[in-house]
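Structural description and commentary
For reference, the chains in residue letters:
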Amino acid sequence: MRLSGLPIRTACLLAFTAGMLLTVGCSGNGGNKFITLGTAPIGGAFAPVGNAIASVLNEHSGDNNWKVQAKGTKGSQQNIRDLQSGEMQLGMSNSAISYYAYRGESGWNEKYNIRAVATLAPNIAMFITKKETGINSVADLKGKRVSVGPAGAGFEMFVGPLMTEHGVSYTEDTKDFSPVSQIQSDAVSSLGDGDVDAAFLGGAVPTSSITQACSQMDVVFIPYDPAVKSTLVEKYPFFQEATIAKDKYADLTDDYQGLNVGSMHLITHADIDEETVYQLTKAIWENREEIGKQHPAGKAINEQNAARYTGTPFHKGAIRFYKEIGIWPEDAPEAASVDGN
């Protein structure tokens, strides 16, 4: 919230009000807690998953008296900014984008005081090309036109390190290829028409855009260098190795050794009070099967994944619940250890 240029008394009142909203989870008339959950534009997984979580939280509010409203937004980056300003209390985000926002790096102009609530479905992505391009490795993308995701979505925060580690620079100042910003369906069309040489596509497996590409052209799944992939997983907590079975896509002849380039996760602000986040986490966990029935990504709310660290520390309310049910990883860092304090 920007307070510059306001009278001191007004500025202090606004700051106090924002702090109270964060603390009580936006208590409204009648004792209800109004909670806004930011999702993303229609077409991806964020909106239906966020809607499912909001629906289940409202149906199973118990004595919590909360009213959760899922709100369509521009996605991860807007959700993070709106959490920081107090305009929302929960948000969907890609864990790679959250990672950099928390640290104030890779285009973020400050450190955002966000915390994870639950790790959700993986975002398994790869570069594909047409057989006739002759592209057989990520290094071969030098000098090519490559579709890298929609403008403003923040995909460069995971595509950047992925390409750079393969020797193809993708920074603000230096690019060894020509990036083209497109949504996934447009990327498939451009690849088919020859307007781009390769496209970076992914999401939950099977991803509809990749299935579509395989039905329209002879697709080559560009492999990741095994050594580079190991380096990425070791260096960045949001990367995770992932294998795609060959029966998932028509043009795969063998299992594909891919990467989770940043799981979808549910985040909040560090200043939301502990009890509220504890109760939200508890309600999501206890009704995870119902979320999974509304969207397959809900099945990722399980013992192995929900409390998995992806680079953003968990909220203390979520940690308390995960420890209580015995799934908190012993080696998972809390905020203090991430900050080095």
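Scroll up a little and you will see the structure.
What you see is a predicted model, and the numbers here were worked out from it, not measured in a lab.

1. Examining the overall build of the protein chain
A tally of regular secondary structure across the protein chain gives 12 helices and 12 strands. Overall, the protein chain is about 65 × 45 × 35 Å in size when its C-alpha atoms are taken along their principal axes. Here the protein chain holds 341 residues, and the buried ones make up 50% of them. Long-range contacts, defined here as pairs at least 24 residues apart, represent 72% of the contacts in the protein chain between residues at least 6 apart. Charge centroids of the protein chain, computed over 28 positive and 38 negative side chains, lie 4 Å from each other.

2. Remarks on the packing of aromatic side chains
A complete count under the given rule lists 19 aromatic pairs for this structure. Between Tyr278 and Phe321, the ring centres sit 5.8 Å apart and the planes meet at 75°, which makes this aromatic pair edge-to-face. Placement of the pair is Tyr278 in helix α9 (residues 274-286) and Phe321 in helix α11 (residues 316-325), with a sequence separation of 43 residues. Grouping residues by exposure puts Tyr278 and Phe321 together as buried. Measuring from centroid to centroid gives 5.5 Å for Phe314 and Trp328, while their planes differ by 90°, and the two rings are edge-to-face. Of this pair, Phe314 sits in the loop between α10 (288-294) and α11 while Trp328 is found in the loop between α11 and α12 (335-339), placing the two residues 14 residues apart along the sequence. Residues Phe314 and Trp328 agree in their burial class; the two are buried. Members of the aromatic cluster, joined through ring pairs, are Tyr99, Tyr100, Tyr236, Phe238 and Phe239.

3. As for the nonpolar core
Grouped together as the largest cluster of nonpolar side chains are 61 residues, with contacts concentrated most on Phe127, Leu141, Leu162, Phe200, Phe221 and Phe239. Looking at this core element by element, the count peaks at six residues for helix α4 (residues 95-103). Grouped together as the second largest cluster of nonpolar side chains are 42 residues, Ala52, Trp66, Val68 and Ala121 included.

4. Thoughts on helix α6 (residues 184-193)
Think of an α-helix as 3.6 residues a turn; residues three or four steps apart then line up on the same face. Within the span of α6, buried status applies to Ala187, Val188, Ser190 and Leu191. Buried positions in α6, seen along its axis, are confined to an arc of 165° and lie on one side of it. In this structure, the buried residues of α6 make contact with β5 (124-130), β6 (145-149), β8 (198-203) and α7 (208-216). Residue Gly194 follows α6 closely and has a positive phi angle near 85°.

5. Concerning the sheet that holds strand β12 (residues 264-269)
Pairing between the strands of a sheet is mediated by backbone hydrogen bonds and can be parallel or antiparallel. If you walk across this open sheet you meet the five strands as β2-β1-β3-β12-β4, and the pairing is mixed. Looking at which strands have only one partner, the edges of the open sheet turn out to be β2 (66-71) and β4 (114-119). With strand direction ignored, the average angle separating the axes of adjacent strands in the sheet is 30°. As judged from the two bridges shared by strand β1 (residues 33-38) and strand β3 (residues 90-94), these two strands associate in the parallel manner. Its bridge partner being in β3, Gly38 is matched across the sheet by Gly91. Each of β1, β2, β3, β4 and β12 is contacted by α9, which is oriented at about 70° to β2, the strand it contacts most.

6. A short note on the pattern of salt bridges
Scanning the entire structure with this criterion turns up eight salt bridges. In this structure, Glu132 engages Lys130 in a salt bridge whose closest nitrogen and oxygen atoms are separated by 3.6 Å. Residue classification places Glu132 among the exposed residues on the basis of a relative accessible area of 60%. Linked through salt bridges whose partners overlap, the residues forming this network are Glu274, Glu275 and Arg320.

7. Points about the environment of His295
Among the secondary structure elements, His295 is positioned in the loop between α10 and α11. In sequence terms His295 and Ala52 are 243 residues apart; their C-alpha atoms lie 7.1 Å from each other. Among residues more than four places away in sequence, those in contact with His295 are Ala45, Pro48 and Val49. A polar contact is formed between the side chain of His295 and the backbone nitrogen of Ala297, at a distance of 3.0 Å.

8. Comments concerning the side chain of Gln89
Tracing the sequence through the fold places Gln89 in the loop between α3 (76-85) and β3. Given the relative accessible area of 4%, Gln89 is considered buried. Side-chain polar atoms of Gln89 contact the backbone nitrogen of Thr36, separated by 2.8 Å.

9. With respect to the environment of Ala151
For Ala151, the location among the structural elements is in the loop between β6 and α5 (156-165). On a C-alpha basis, the gap between Ala151 and Ser181 in space is 5.1 Å, while along the polypeptide they are 30 residues apart.

10. Thoughts on the environment of His269
Mapping His269 onto the fold places it in strand β12. What makes His269 buried here is its relative accessible area of 4%. Here Asp271 takes part through its backbone nitrogen, which lies 3.0 Å from a polar atom of the side chain of His269.

Criteria and cut-off values
- Residues numbered from 1 in each chain as written.
- Predicted model: local features only at pLDDT ≥ 70, side-chain atom pairs only at ≥ 80, totals over all residues.
- Heavy atoms only, no water.
- Helix = DSSP H or I, 4+ residues; strand = E, 2+ residues; numbered from the N terminus.
- Buried < 20%, exposed > 50% of the residue type's maximum accessible area, 1.4 Å probe, protein only.
- Contact = heavy atoms within 4.5 Å.
- Lys, Arg positive; Asp, Glu negative; His and termini not counted.
- Charge placed at Lys NZ, Arg CZ, Asp CG, Glu CD.
- Phe/Tyr/Trp six-rings, centres within 6.5 Å; stacked < 30°, edge-to-face > 60°.
- Core = buried A, V, L, I, M, F, W, Y, C linked by side-chain atoms within 4.5 Å.
- Arc of directions from axis to C-beta.
- Pairing = 2+ DSSP bridges.
- Axes fitted to C-alpha atoms, helices over the stretch in contact; angles between N-to-C directions.
- Salt bridge = Lys/Arg side-chain N within 4 Å of Asp/Glu carboxyl O.
- Polar contact = N/O pair within 3.5 Å; in protein donor to acceptor, adjacent residues only side chain to side chain.

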